[in-house]
Amino acid sequence: MDTLAMWAGTIGAWLLFAGPLFQGSLELWEVARTGPAWPDRKRIDKALWLVPPVMYFVQRARFRRSGTAAADVTSSFSNRASGWFAVAIGGLLVAVKETWELAERYELSPVAYWSIVVVVLLVSQLNVTVRMLRLSREPAAGGSS
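Since the structure is predicted, the reported quantities are computational estimates derived from the model, not experimental observations. (Residues numbered from 1 in each chain as written. Predicted model: local features only at pLDDT ≥ 70, side-chain atom pairs only at ≥ 80, totals over all residues. Heavy atoms only, no water.)

J.: Can you help me understand the packing of aromatic side chains in this one?
T.: Geometry of an aromatic ring pair is reported as the spacing of the ring centres plus the angle between the planes. One pass over the full model with this rule turns up 4 aromatic pairs. The interplanar angle of 70 degrees and the centroid separation of 4.8 Å between the aromatic rings of tyrosine 113 and tryptophan 114 together place this pair among those described as edge-to-face. Three or more aromatic residues link up through ring pairs in this structure, and these residues are Trp100, Tyr113 and Trp114. Here the guanidinium or amino end of arginine 131 rests over the ring plane of phenylalanine 22, the centre of that ring lying 4.9 Å away. (Phe/Tyr/Trp six-rings, centres within 6.5 Å; stacked < 30°, edge-to-face > 60°. Lys NZ or Arg CZ within 6 Å of the ring centre and 35° of its normal.)

See below:
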């Protein structure tokens, strides 16, 4: 039963990272899509979805450059996206700890432990990236598919 609980805790912790990372990206997408800086996006933006927190900072800077007319959008953007990314960071910290305990239980080497952490981190990020790239291909609001 201890082994089952340890696996459940580790998987749950990684979901507590991946879920908020995706939700923060969705918040970023919604606010950025409807905000004043969205029409001037460049092709490079698709690459920024590889790391949604980087996209967050880029989009936040665009909102700030667009002036005071975007104050409400900027405020909403900052509150919603940054909140979810903070939860994702907390989930990541818990996931790293839970993965360490699992690695200790199976007496894995530090190299094996860090390999697991990096692989699961990359898989979580890849999931978000693929979903956001698919979403970026959808027509704008009001359009039909």
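J.: Even after reading the chapter, I still don't get unusual backbone geometry, so can you show me in this structure?
T.: Glycine aside, a negative phi is what most residues show, and trans is what most peptide bonds show. In this structure, glutamate 107 is a non-glycine residue whose phi angle is positive, near 55 degrees. Its location among the elements puts glutamate 107 in the loop between helix H4 (71-105) and helix H5 (110-136). (Helix = DSSP H or I, 4+ residues; strand = E, 2+ residues; numbered from the N terminus.)

J.: When you look at the pattern of salt bridges in this model, what are you seeing that I'm missing?
T.: A side chain with one charge can pair with a side chain of the opposite charge if their charged atoms come near. Scanning all chains against the criterion turns up 2 salt bridges. One salt bridge in this structure joins glutamate 98 and lysine 97, with 3.0 Å as the shortest N-O distance. Residue class for glutamate 98 comes out buried when judged on its relative accessible area of 16%. Lysine 97 gets classed as partly exposed once you look at its relative accessible area, which sits at 42%. Where glutamate 101 meets lysine 97, a salt bridge forms, and the shortest distance between an N and an O atom there is 2.9 Å. (Salt bridge = Lys/Arg side-chain N within 4 Å of Asp/Glu carboxyl O. Buried < 20%, exposed > 50% of the residue type's maximum accessible area, 1.4 Å probe, protein only.)

J.: Can you walk me through the confidence of the model for the protein in this structure?
T.: Should the pLDDT be low somewhere, the predicted coordinates at that spot are not to be read in detail. Mean pLDDT for the protein: 80, with 72% of residues reaching 70 or above. Taken element by element, the predicted model of the protein shows its lowest mean pLDDT in helix H2 (residues 44-48) (64) and its highest in H5 (91). (pLDDT = per-residue confidence, 0-100.)

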